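Analysis of the macromolecular model
Spelled out, the chains give:
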There are 2 protein chains.
Amino acid sequence: MKTYPSLENIASPADVRRMSIAELGELAAEMRQAICEQVSVSGGHLAPNLGVVELTLALHHVFDFSHDRLLFDVGHQCYPHKLVTGRFASLGKLRQRDGMSGFPEPRESEYDLFSVGHAGTAVSTAIGMARGDMLRGEGDRRVVALVGDSSIVNGLSMEGLNNAGTLGRQLLVVLNDNGMSIGLPQGALSHYFDKVRVDHRFIDLKHRAREILEGRTAGKLVEEVYHRLGDTTKAALAHTHLFEHFGLVCIGPIDGHDLGELVHMLEEVSRIDRPVLLHVKTQKGRGFDFTAENPTAFHSPKPFRVSGGNAEMISGPRSFTSAYADALIDMMEDDERVVAVTAGMPDGTGLDKVIPRFPERAFDVGIAESHAVDMCAGMAKTGLRPFATIYSTFLQRAVDQIFQEVALQGLPVRFCLDRAGLVGGDGAVHHGFLDVALLRGFPKMTLMAACDEPTLRAALAFMRELDSGPSALRYPREEVPAPLEDETPPFELGRANLLADGGDLAVLAYGFPVHHALAARAELAEEGYEVAVYDARFAKPVDLALLRGLAEARTPILTVEDHHRDGGFGTAVLEALNDEGLETSAVHRLGLPDRWIYQGSRTDQQHEAGIDSAGIADEIRRVLGTRTARVVG
Amino acid sequence: MKTYPSLENIASPADVRRMSIAELGELAAEMRQAICEQVSVSGGHLAPNLGVVELTLALHHVFDFSHDRLLFDVGHQCYPHKLVTGRFASLGKLRQRDGMSGFPEPRESEYDLFSVGHAGTAVSTAIGMARGDMLRGEGDRRVVALVGDSSIVNGLSMEGLNNAGTLGRQLLVVLNDNGMSIGLPQGALSHYFDKVRVDHRFIDLKHRAREILEGRTAGKLVEEVYHRLGDTTKAALAHTHLFEHFGLVCIGPIDGHDLGELVHMLEEVSRIDRPVLLHVKTQKGRGFDFTAENPTAFHSPKPFRVSGGNAEMISGPRSFTSAYADALIDMMEDDERVVAVTAGMPDGTGLDKVIPRFPERAFDVGIAESHAVDMCAGMAKTGLRPFATIYSTFLQRAVDQIFQEVALQGLPVRFCLDRAGLVGGDGAVHHGFLDVALLRGFPKMTLMAACDEPTLRAALAFMRELDSGPSALRYPREEVPAPLEDETPPFELGRANLLADGGDLAVLAYGFPVHHALAARAELAEEGYEVAVYDARFAKPVDLALLRGLAEARTPILTVEDHHRDGGFGTAVLEALNDEGLETSAVHRLGLPDRWIYQGSRTDQQHEAGIDSAGIADEIRRVLGTRTARVVG
């Protein structure tokens, strides 16, 4: 256990503002050590946080974020910020229930303005706060958005930057350019960023500019002064930076690990009363050889062992993600029409295994889900079979594209939704809790869920042949369990699969909760209840023949899903029975409640939502107990 | 009635390819006349189509879109394209049921690849088709995306352009820059476009470049040649154009009404085997003084009268949009915390009346719904009361922002959803058929609908005070009917409003269909049925006390909504009763079917969906008839 004398003395950012550059350097070293030590134990985002230690300290040194506004983008690089805003003590419970969230979280601290985990939001929310503060007579609050290089090219960031150019007041966008972001950078702009190198001559030119500036007093004259600078000077200041076209003053790139330079530059740009983009080059994973040399592997590692400067990744059990990647590779070998796309998540979706095998047919388009879906629509239009592999939560970024460019055209784009349902440590910003509700209203959409590796493969095989319209398959952030059946029957449109019989009640579980249902069944069997368990497989269309049969037999039905209980699979069951004029008072629905579920283990979260075996068993006891009581009464 | 000798001779684009520049000019004049004449009778998009007549002809002259690919963006500028692809005869039924859609429509013609009406999609779908054709061994198909200047700065376009830079093959993005798009251009980039003027010297430089090019044969050497051009030449070619940074060869701007120049340039760029952006300046409303001078008013006019070179707009009845604008102005006068935002639709949302009155507090951010929502989130965070005014269909562009930046934060952003439900002539690309389903899963969301001007005002007054979380109000593309009540009771959270009593069945209508329900009630009264009609007002939360009372009295319930019948208000009623353990077989749901409804009048569309008075009356007869039969049996 290391000690952190400097870090322990930071009660609030006020302490950071008082420190010298040298003291900040010592603090930075301790922060890196503390973060690495914790992540090695609990897992979490490592390389992104190591890259922004100096930048975060410099921001807190120059600005006062108890008054000024700091907006994070994506937010997984917030650990250094949390360490200096009173949360060092809770680092030990990183990403745990009632511990420190891995993302900015206003419930923890007033220094966190928005809980974020999705990309591209910071510029737009910053503009909103800048306009809001101005209208409320608090325009002296300075606004800073900290955005990574992968986020800045997200469509939402671009829309924000375009609007920022019309904002007649201070707004600082700090571009944290680590040339990496989550995976390798994608898109033409990443090459552009790559060409723009840190130029120390820039500082001298900037000093000249400052001499001019210091001759003036009123802040609103800065823009005029800026225009008075010679074109050569301005070119050097801005390197004819891309974002100049958006109407921003562009400065940099500067070295994101030189605390002196950072503080100096931030002090200077903090006085400019028009939107400024400060381009900062940082090194992802800075501080440890093993993270700096392999920042992708250490982007968000599981627990690992460090010894003698090296780190050994502890390899985990096989995940649904791995199973998906292998199945996809097999399909691509069989069928040259199959193509696959990820939006900036090659590791998280398993496509990092697929892209090297099929570089012509597997694409990473960067954090651009909307584009990813439309590109798939275009490929489907030419007769290909695209598999759009997107986290359930990020699919929310492409609802309109799925509506118009996919569903309205009847194009067979296949959506593979990783991390559907509760996600554990990432918490509320990343649960895939709404995909069924969002997709169910599109005509000709087929919706499926997988519960083990054989059903995943069977569903994919079914989707691959489904050229008549769009389809989506959801699977959880989980290790794949042992196969449920020796031989898994193939998927047939709208057909559930009976796994275990029983006449008292039928559980229709959609996807992974089928395992909890089977455990509950076993528990209840000892109490004399005979419960059937079905793997529902389809949420659209639901198994109407099965539902009719159960309703006619007056068998109570319990639907279970790792999805919002309103608008999902259980609701589809209700609607289908209602459309048939059948009774639904014997239908009971378990799913995620209509409130937020915060970070913790998936086990705890499923328990909190009542969709684990205990929750299912309790609900069945309640239903059957009531029923017996009624019959007896 | 004019005659169109040239236009009548165009059987297919092959005829356009054979024509001389002079003949194309004559054709262009006829096309303008035909379009203007038709729109003056039926309404439709006028100024956008008048602006692209020459550009469309030049594209069809140079490319062969029976083989090559033409992707429209937004698509309301497709009339000239339709006239030369075999649809002149159906122009007379523009935007009518079974007539010519006002947007590209693959059901009409193989020359229309995607049915589109939303912005920013063309570059991405074009990239998908370019990649798909290449993989399928049909890389000789050239791909063209035609994009307007407001669309090009939409986030999705930006994501597409960034990805285009990585595409190693031909792709032509034609930027149709009319400096106007739908309303006045918004955002800093619009000023950038404005500064870039048509430069005829450019053609000479281009000729020099062509001399170099003509010395080479293989297409793949073009890029190399391009790099061999002197920097000065390249700067003149590209004007250091913004999109150069995206890795595109940028050429222009050129004059979009000079057929000779257009054909010449298109022929030249069609041979470049890397992504090219051709910047074309056009004049929106070109050809008639009244449209060119007032392109915003003639963007999408209702029928108008032309006499002596002037046009007289026939003023229509008061719309929900106008009623909203007036109510918003009143609120903004009362409450300085109220701010309002539109995403590029000032006319369509009524904000064109609001912005001049409150230029500091009402914003048009351009076609950037995601940014609009996040900017509202930021403003709400500072304590303001933002009203995000967005068409229901375009809200699909911001689902993820509503999730994370609004709902997860519990921020009181008010969503005012114009054109909710069926939209008439715009057809399937613009129906607001899913907003309730998309928003219902967000905790603390309040959902409301208005059916006349007093309920619109009452709902807005309620929303204005609702600072505890987000809320949304939907209203249709309709004229406001006479107020339903002499005195409209204020909105109370989750309380429906009884409009007419009756013991046989209760209709719970969500929003505008309440008028149809009342008409059906009157009709059925003559047949001896006594039907109650409630204005449901809230879809979240639903009126549980009312539902309990009806269920206990065993009164059949009919829900009616101008929204997908799955996942909407009727479903919320089912779920609520089910949660209470109450019977639902006496609940019947009317809403939009799970298939697409194409262009036509709103009257016809509502009839097709069975949510008009006839559909409601029939359903009530069916329900009560069955019930009577049962009782009798």
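Residues numbered from 1 in each chain as written. Chains lettered and ligands numbered in written order. Predicted model: local features only at pLDDT ≥ 70, side-chain atom pairs only at ≥ 80, totals over all residues. Heavy atoms only, no water.

**A look at the interface of chain B and chain A**
- Contacts between the two partners involve 104 residues from chain B and, on the opposite side, 104 residues from chain A.
- By the criterion of area lost to chain A, the three top residues of chain B are B:Glu159, B:His245 and B:Trp596, representing 9% of everything that side buries.
- Taken together, the links from chain B to chain A amount to eight salt bridges.
- At the junction of chain B and chain A, the tally comes to 46 residue pairs in polar contact (both at pLDDT 80 or more).
- Elements represented by at least two residues in the side of chain B that touches chain A include exactly helix 7 (122-135), helix 9 (155-164), helix 10 (188-195), helix 19 (369-381), helix 21 (399-407), helix 22 (435-439), helix 26 (569-579) and strand 19 (587-592) of chain B.
- Here the residues of the side of chain B that touches chain A are counted per class, giving 41 nonpolar, 39 polar and 24 charged. (Contact = heavy atoms within 4.5 Å. Buried area = accessible area lost by both parts, 1.4 Å probe. Salt bridge = Lys/Arg side-chain N within 4 Å of Asp/Glu carboxyl O. Polar contact = N/O pair within 3.5 Å; in protein donor to acceptor, adjacent residues only side chain to side chain. Helix = DSSP H or I, 4+ residues; strand = E, 2+ residues; numbered from the N terminus. Nonpolar A, V, L, I, M, F, W, Y, C, P; charged D, E, K, R; others polar.)

**Thoughts on the sheet that holds strand 2 (residues 143-148) of chain A**
Residues and elements named next belong to chain A.
- Strands sit in the order 1-2-3-5-4 across an open sheet of five strands; the sheet is parallel. This sheet does not close on itself; its edge strands, each paired only once, are strand 1 (69-72) and strand 4 (249-255). Recorded for the sheet is a direction-independent mean angle of 20° between the axes of neighbouring strands.
- Bridge analysis of strand 4 against strand 5 (residues 275-281) gives five bridges, and the strand direction is parallel. Pairing of Cys250 across the sheet is with Leu277, part of strand 5.
- Sitting on the sheet, helix 14 (residues 259-269) is in contact with strand 3 (171-177), strand 4 and strand 5, with an inclination near 170° to strand 4. (Pairing = 2+ DSSP bridges. Axes fitted to C-alpha atoms, helices over the stretch in contact; angles between N-to-C directions.)

**Regarding helix 5 (residues 53-62) of chain A**
- Among the ten residues in helix 5 of chain A, ten count as buried, and that is most of the element.
- Restricting attention to buried positions, one finds in helix 5 of chain A the residues A:Val53, A:Glu54, A:Leu55, A:Thr56, A:Leu57, A:Ala58, A:Leu59, A:His60, A:His61 and A:Val62. (Buried < 20%, exposed > 50% of the residue type's maximum accessible area, 1.4 Å probe, protein only.)

**Things to note about the relation of the copies chain B and chain A**
- Take chain B, turn it by 180°, move it 0.0 Å along the axis, and it overlays chain A with an RMSD of 0.0 Å. What the superposition gives is, in effect, a two-fold axis relating one chain to the other. Ranked by how close their C-alpha atoms come to the rotation axis, the residues of chain B are headed by B:Gly155, at 1.7 Å.
- Looking at the interface residues of chain B, 100% of them are also at the interface in chain A, so both copies use one shared face. (Least-squares fit on C-alpha atoms with pLDDT ≥ 70 in both.)

**Brief notes about helix 19 (residues 369-381) of chain A**
Residues and elements named next belong to chain A.
- Its 13 residues give helix 19 an end-to-end C-alpha distance of 18 Å, which sits within 8% of 18 Å, the value for a rise of 1.5 Å per residue.
- For helix 19, the tally of buried residues reaches twelve of 13 residues, placing the bulk of the element in the interior.
- If you check which residues of helix 19 are buried, you get Glu369, Ser370, His371, Ala372, Val373, Asp374, Met375, Cys376, Ala377, Gly378, Met379 and Ala380.
- One or two steps after helix 19, the chain reaches Gly383, where phi turns positive at roughly 105°. (Expected span 1.5 Å × (residues − 1).)

**Section: the pattern of salt bridges**
Residues and elements named next belong to chain B.
- One pass over the full model with this rule turns up 92 salt bridges over all chains.
- A salt bridge links Arg318 to Asp326, with the shortest nitrogen-to-oxygen separation between them at 2.8 Å.
- Classification of Arg318 as partly exposed rests on a relative accessible area of 33%.
- For Asp326, a relative accessible area of 18% translates into the label buried.
- Here Arg357 and Glu333 are joined by a salt bridge, their closest N and O atoms 2.3 Å apart. Taken as a pair, Arg357 in helix 18 (residues 351-357) and Glu333 in helix 16 (residues 320-334) lie far apart in primary sequence, 24 residues in all.
- Its relative accessible area of 45% is what places Arg357 among the partly exposed residues.

**Describing the pairing of strand 18 (residues 557-564) of chain B**
Residues and elements named next belong to chain B.
- Within strand 18, eight of the eight residues are buried, leaving the element largely enclosed by the surrounding structure.
- Inspection of the sheet shows strand 15 (residues 505-510) paired to strand 18 by five bridges, in the parallel sense. The residue bridging Ala509 from the neighbouring strand is Val560, located in strand 18.
- Handedness of the crossover joining strand 18 and strand 19 through helix 26 is recorded here as right-handed. (Right-handed = clockwise from strand over helix to strand, strands pointing away.)

**So, the pairing of strand 10 (residues 385-391) of chain B**
All names here are of chain B.
- Of all seven residues that make up strand 10, seven are buried, and the element is covered over most of its length.
- Neither face of strand 10 is open: one carries Arg385, Phe387, Thr389 and Tyr391, the other Pro386, Ala388 and Ile390, and all of them are buried.
- Taken together, the five bridges between strand 8 (residues 338-342) and strand 10 define a ladder with parallel strand orientation. Note that in strand 10 the partner of Val339 across the bridge is Pro386.
- In this structure, strand 10 lies alongside strand 11 (residues 414-418), joined through five bridges in parallel fashion. The partner of Ala388 across the bridge, within strand 11, is Phe415.

**Quick word on the sheet that holds strand 15 of chain B**
Residues and elements named next belong to chain B.
- In spatial order, the strands read 14-16-15-18-19; together these five strands make up an open sheet with mixed pairing. Taken across any chain shown, the strands that pair with only one partner, and hence form the sheet edges, are strand 14 (497-500) and strand 19. Strand-to-strand twist in this sheet, taken as the mean axis angle between neighbours without regard to direction, amounts to 25°.
- Pairing geometry for strand 18 and strand 19, over five bridges, is parallel. Considered in strand 19, the bridge of Ile557 is made with Val587.
- Contacts between helix 25 (residues 544-552) and the sheet are confined to strand 15, strand 16 (531-535) and strand 18, with strand 15 contributing the most and set at about 155° to the helix.

**Section: the confidence of the model for chain A**
Residues and elements named next belong to chain A.
- For chain A, mean pLDDT is 90; residues scoring 70 or higher make up 89% of the total.
- Here residues 215-239 is modelled with pLDDT under 50, and outside its nearest four sequence neighbours on either side it reaches 41 contacts, counting other chains as well.
- Segment residues 628-633: pLDDT under 50, and zero contacts once partners within four positions in sequence are set aside and those in other chains are kept.
- If you check the scores for this complex, the pTM reads 0.93 and the ipTM reads 0.93. (pLDDT = per-residue confidence, 0-100.)

**What about the packing of helix 3 (residues 21-42) of chain A against helix 5 of chain A?**
Residue and element names in this part refer to chain A.
- In the contact formed by helix 3 and helix 5, the axes pass within 10 Å of each other and the chain directions differ by 135°. Taken together, the axes of helix 3 and helix 5 are oblique relative to one another. The crossing of helix 3 and helix 5 is right-handed. The residues of helix 5 that touch helix 3, namely those facing Leu24, Leu27, Ala28, Met31 and Arg32, are Val53, Glu54, Leu57 and His61.
- Partitioned by chemical class, the residues of the contact of helix 3 with helix 5 number six nonpolar, one polar and two charged. (Parallel < 35°, antiparallel > 145°, perpendicular 65-115°, else oblique. Left-handed = near helix turned anticlockwise from the far one by under 90°.)

**Overview of the packing of helix 7 (residues 122-135) of chain A against helix 9 (residues 155-164) of chain A**
All names here are of chain A.
- At their nearest, the axes of helix 7 and helix 9 sit 8 Å apart, and the two run at 35° to each other. For the pair helix 7 and helix 9, contact is made by Val123, Ser124, Ile127 and Arg131 and by Leu156, Gly160, Leu161, Asn163 and Ala164, respectively.
- Partitioning the contact of helix 7 with helix 9 into residue classes produces five nonpolar, three polar and one charged.

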